[in-house]
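Survey of secondary and tertiary structure
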Amino acid sequence: MEDRESRFNQQKNTRYFIEHPNSHQYQAMKNHYLLIQIADMLMQLYEKGSSVWKQLKKTAKEKSSNLLEAIRGRTVTDEDVAELAKPIQIRFT
């Protein structure tokens, strides 16, 4: 597992080119960085998933069809709604 500092350096210098604050408002900067973290998690999932898809030898069309069917076939349960209602806490250190 990568340590936080090397992950941040990769995000800063290689992938997202984080250089200077986009805003003078502290909350806006935190929100922007949080969105970058979410995007990075999605990219990691996509990249890791891509290698699995390649192993399964599926075409892009098959992949997108499978993803669409997975989303369409998903039923939101009362348990899902209850999970969404729970408060979460995000800390910036």
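Keep in mind that this is a model prediction, so the values were computed, not measured.

1. Some remarks on the overall build of the protein chain
- For the protein chain, the count of helices and strands is four helices and zero strands.
- Beginning at the N terminus, the succession of helices and strands in the protein chain can be written as α-α-α-α.
- The 93 residues of the protein chain split such that 8% are buried.
- In the structure as shown, the protein chain presents an accessible area of about 8,700 Å², 58% of it carried by carbon and sulfur atoms.

2. Quick look at a nonpolar patch on the surface
- On the surface, a cluster of nonpolar side chains totalling about 530 Å² of accessible area is made up of Leu35, Ile38, Met41, Leu42 and Leu45.
- Along the chain, Leu45 turns up in helix H2 (residues 26–56).

3. Describing the pattern of salt bridges
- Scanning the model with the defined rule gives three salt bridges in all.
- The closest approach of N and O atoms between Arg74 and Asp80, which form a salt bridge, is 3.1 Å.
- When the shortest N-O distance is used, the salt bridge between Lys86 and Glu83 registers 2.8 Å.

4. Some details on the environment of Lys30
- Looking at where Lys30 falls in the secondary structure, it is placed in helix H2.
- Distance from Lys30 to Phe92, taken between C-alpha atoms, is 7.9 Å for residues 62 residues apart in sequence.

5. Description of the environment of Ile90
- Examined against the element boundaries, Ile90 turns out to sit in the segment after helix H4 (78–85).
- For Ile90, a relative accessible area of 47% translates into the label partly exposed.
- In the structure, Ile90 is positioned 56 residues away from Leu34 in sequence and 9.4 Å away in space, judged by C-alpha atoms.

Basis of the calculations
- Residues numbered from 1 in each chain as written.
- Predicted model: local features only at pLDDT ≥ 70, side-chain atom pairs only at ≥ 80, totals over all residues.
- Heavy atoms only, no water.
- Helix = DSSP H or I, 4+ residues; strand = E, 2+ residues; numbered from the N terminus.
- Buried < 20%, exposed > 50% of the residue type's maximum accessible area, 1.4 Å probe, protein only.
- Areas by Shrake-Rupley, 256 points an atom, 1.4 Å probe, with all protein chains shown as cover.
- Patch = residues over 30% accessible without salt bridge, like charges linked within 9 Å, V, L, I, M, F, W, Y side chains within 5 Å.
- Salt bridge = Lys/Arg side-chain N within 4 Å of Asp/Glu carboxyl O.

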